[in-house]
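# Structure assessment
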Amino acid sequence: MDFRKLIDTAISTGTDLYEIIANWYMLESGASSKEPLDFSKKMIMAMLKAYEERRKESVPSLTGWTGNIAEKLRDYTPKFLNERLLYALEVAISMAEHNASMGKIVACPTAGACGVVPGIVLSLKRFDNVSITKLSQALVIAGAVGECIKEKASISGAVAGCQAEIGTATAMASSIIVYITDSTNYEALYSAPALALKSLMGLVCDPVGGFVEVPCVKRNAFGVSIAYTAAEMALAGIKSLIPFDEVAEAMGKIGRSLPESLKETGEGGIAATPTAKKLLREFINRSDNR
Amino acid sequence: MILDVIGPIIIGPSSSHTAGMVRLGRAFRCLFSEIPANRKALRKVEFRLNKSLFSSHKGHGTDRALVGGVIGYFEWQEEIRSSLEIARSLGIDIAFYSDSFEGRHPNTVMISGSSDTETHYLIGASTGGACIEITEIDGAPMNISGIYPTLIIKNLDTPGALSKIVEAISTKGMNISNLFLVRTNRLKNEATCIIELDNVPGNELLSFINRLDPVLYVAYLPIIANLSG
């Protein structure tokens, strides 16, 4: 499915993009057109709950490499970023740390990239008072963006690298911001995910020890800031010269040409650095002695 | 579809190393006819993890995920975190080994175990995004992904055995989506029949099939890959 086609249908019929996607879902799955919104609401509520849970206690991850990063942002007064962005970064990292310590999260689109979309959703709720229903409709739009990427490329780090995980999450998140801000700005709705994905193109999946911790947790925060940047640029009228659907195709091609060592195997990139190897040795010794 | 891109709700840290593993564990549990009613019935379970999976299993919580599934939890339940301790308190003997499954998916696991009356094994893989693929159960090769209600039936390899089973299903007005039949033991004259259904079978149908002459054993795998949390 081309995202362009969904947008064109919305334009030509004068129907809200959310309605178009809900109907498309109904035709594809045979289920009710209400199902995406109901499911989406459930996911939003689960994101809010996960963040609340995490705020109660900063449990360290299984390896002990992360666990108190979000806390540092929480207690910090930003020197350059505004309050909204700092909060969004903190939410993103909270979610990613919750995930790394076996917390209950929403895999949106994956567990490793589970912080980006909640970072955007929770910050829009807090600073713009956006209703749960409106956020849920926006998440359905994000679902269509993610589904298009999944069909044309992949959303798995093992298949296409981190560009497919944090990259997809960021593209999805940028479409949420645009939809909430101006749901009929179709040019921006089509450009934002393309701008976001292009900026993370080629990003490799090189987790230390193969665990979803380093660098995954912190990358979620960068996803959030890129999502806001892409949305802001698109809303300013900046167009992605390469259309989103083609960008998604290109990302898949890059993913296929990446060597295996840079696709979640924990053998290349930062995972192959001396410090990473040392951290891993220490963890293995610790867990063998347990 | 769009719904599995914006979800599901799972216990972290990895949909393939954690959530999918819970599902494989739960599929294994379903092979025991007496277990759904009795949590303590399992005595011993062994997990053989493909080499790369074994080397990272503690950091991904793969061990907790597999055991959590085997004792009946779902991938969104927080009890998964403490599944090893829960299994111990239930008196289940657990062991993990490194193995090599050449020519199979890298995330392949073999789960074997016994209760007082039954012994089973399952080979399967967590293929990403919490999806699973079961490739062998008790000597019968197959390829099922847990998206249909599935019957695993061991029967005597006699003429008409299959038609009796299929007839039982069709008289309940159920539709079969996929069917595999393999002879598993020529000496004992045994076959395994794997039936994926479009509808959820009732207990009545299961016990009716169980009482059919050629049928030796029936296990029911409910939809394992269920999105709603």
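Evaluated as defined, the whole model comprises 11 aromatic pairs over all chains. On the numbers, 4.8 Å between centres and 15° between planes, the contact of F47 of chain B with F96 of chain B is stacked. One end of the pair, F47 of chain B, is in strand β2 (residues 42–50); the other, F96 of chain B, is in strand β3 (residues 93–99), and 49 residues separate them in sequence. Using a relative accessible area of 0% as the deciding quantity, one classes F47 of chain B as buried. Ring centres of F74 of chain B and W76 of chain B lie 4.9 Å apart, and the angle between their planes is 25°; on these two criteria the pair is classed as stacked. Overall, the relative accessible area of 17% leaves W76 of chain B in the buried class. Among the aromatic residues, ring-to-ring pairing joins F3, Y190 and F244 of chain A into one connected group. The ring of Y190 of chain A carries the charged tip of R4 of chain A above its face, separated from the ring centre by 4.6 Å. Directly above the ring of Y87 of chain A sits R126 of chain A, whose terminal nitrogen or CZ lies 4.3 Å from the centroid.

Here we take up the sheet that holds β2 of chain B. Residues and elements named next belong to chain B. Strand order across the open sheet formed by six strands is β3-β2-β4-β5-β6-β7, with mixed pairing between neighbours. If you trace the sheet from one side to the other, it starts and ends with β3 and β7 (140–144), each paired once. Pairwise comparison of adjacent strand axes, ignoring direction, gives a mean angle of 20° for this sheet. Sheet analysis places strand β4 (residues 108–115) next to strand β5 (residues 119–128), joined by seven bridges and oriented antiparallel. The residue of β5 that forms the bridge with V109 is G124. The sheet contacts of helix α2 (residues 15–29) involve β2, β4, β5 and β6 (131–137), and relative to β5 the element is tilted by about 155°. Contacts from helix α5 (residues 62–70) reach β2, β3 and β4, with the element oriented near 140° to β2.

In this structure the tally under the stated criterion is zero disulfides over all chains. C108 of chain A provides the cysteine sulfur closest to C114 of chain A, a residue in no disulfide bond, and the two sulfurs are 9.1 Å apart. Accessibility expressed as a relative area gives 1% for C114 of chain A, which makes it buried. Here C30 of chain B is not cross-linked by a disulfide; its sulfur's nearest cysteine counterpart is in C131 of chain B, at 18 Å. You can call C30 of chain B buried: its relative accessible area is 15%.

Residues and elements named next belong to chain A. Among the structural elements, Y179 can be located in helix α9 (residues 166–181). Remark: the alpha-carbon pair of Y179 and K5, spanning 174 residues in sequence, is separated by 17 Å. If we skip the residues at most four places from it in the chain, Y179 touches D16, Y18, K134, Q137, A138, I141 and L189.

Looking now at the pattern of salt bridges. By the definition in use, this model includes 21 salt bridges over all chains. K263 of chain A is paired through a salt bridge with E260 of chain A; the nearest N and O atoms lie 3.7 Å apart. Taking relative accessible area as the criterion, K263 of chain A reaches 6% and is therefore assigned buried. Here E46 of chain B ties to R48 of chain B by a salt bridge, and the two come within 3.4 Å at their closest N and O atoms. Judged by relative accessible area, which is 18%, E46 of chain B ranks as buried. By relative accessible area, R48 of chain B is classed as partly exposed at 24%.

Helix-helix packing is characterised by the crossing angle of the two axes and by the distance between the axes. Residue and element names in this part refer to chain A. At a closest axis distance of 10 Å, the pairing of helix α3 (residues 35–56) and helix α6 (residues 116–128) adopts a crossing angle of 90°. Classed by the angle they form, the pair α3 and α6 counts as roughly perpendicular. Contacts between α3 and α6 involve I44, M47, L48 and Y51 from the former and V117, P118, V121, L122 and K125 from the latter. Partitioning the contact of α3 with α6 into residue classes produces eight nonpolar, no polar and one charged.

All right, on to the domain arrangement of chain B then. All names here are of chain B. Here chain B is partitioned into domain 1 (2–137) and domain 2 (150–221). Both sides of the domain 1 and domain 2 interface together cover about 510 Å² of buried area, and 70% of this is carbon and sulfur. For domain 1, the biggest contributors to the area lost against domain 2 are C30, L31 and I137; these three give 62% of the whole. Joining domain 1 to domain 2, the criterion identifies zero salt bridges.

Below, the discussion takes up the sheet that holds strand β8 (residues 150–156) of chain B. Residues and elements named next belong to chain B. Ordered in space as β9-β10-β8-β11, the four strands form an open sheet in which the pairing is antiparallel. Looking at the sheet topology across the chains shown, the edges are occupied by β9 (176–185) and β11 (215–221). For this sheet, the mean inter-axis angle between neighbouring strands, taken without regard to orientation, is 15°. The pairing of β9 with strand β10 (residues 190–197) spans eight bridges and is antiparallel.

This brings us to the nonpolar core. Ranked by size, the top nonpolar core spans 104 residues in total, and within it F3, L17, L139 and I176 of chain A carry the most contacts. Looking at this core, the element that brings in the most residues is helix α5 (residues 83–100) of chain A, giving 11 residues. Ignoring anything within four residues of it in the chain, the contact list for I176 of chain A reads V117, I120, V121, L124, A138, L139 and A142 of chain A. Counting residues in each nonpolar core, the second largest holds 43 residues, with M21, I80, I111 and I152 of chain B among its members.

Basis of the calculations
- Residues numbered from 1 in each chain as written.
- Chains lettered and ligands numbered in written order.
- Predicted model: local features only at pLDDT ≥ 70, side-chain atom pairs only at ≥ 80, totals over all residues.
- Heavy atoms only, no water.
- Phe/Tyr/Trp six-rings, centres within 6.5 Å; stacked < 30°, edge-to-face > 60°.
- Helix = DSSP H or I, 4+ residues; strand = E, 2+ residues; numbered from the N terminus.
- Buried < 20%, exposed > 50% of the residue type's maximum accessible area, 1.4 Å probe, protein only.
- Lys NZ or Arg CZ within 6 Å of the ring centre and 35° of its normal.
- Pairing = 2+ DSSP bridges.
- Axes fitted to C-alpha atoms, helices over the stretch in contact; angles between N-to-C directions.
- Contact = heavy atoms within 4.5 Å.
- Disulfide = S-S within 2.5 Å.
- Salt bridge = Lys/Arg side-chain N within 4 Å of Asp/Glu carboxyl O.
- Parallel < 35°, antiparallel > 145°, perpendicular 65-115°, else oblique.
- Nonpolar A, V, L, I, M, F, W, Y, C, P; charged D, E, K, R; others polar.
- Domains from an automatic or database assignment.
- Buried area = accessible area lost by both parts, 1.4 Å probe.
- Core = buried A, V, L, I, M, F, W, Y, C linked by side-chain atoms within 4.5 Å.

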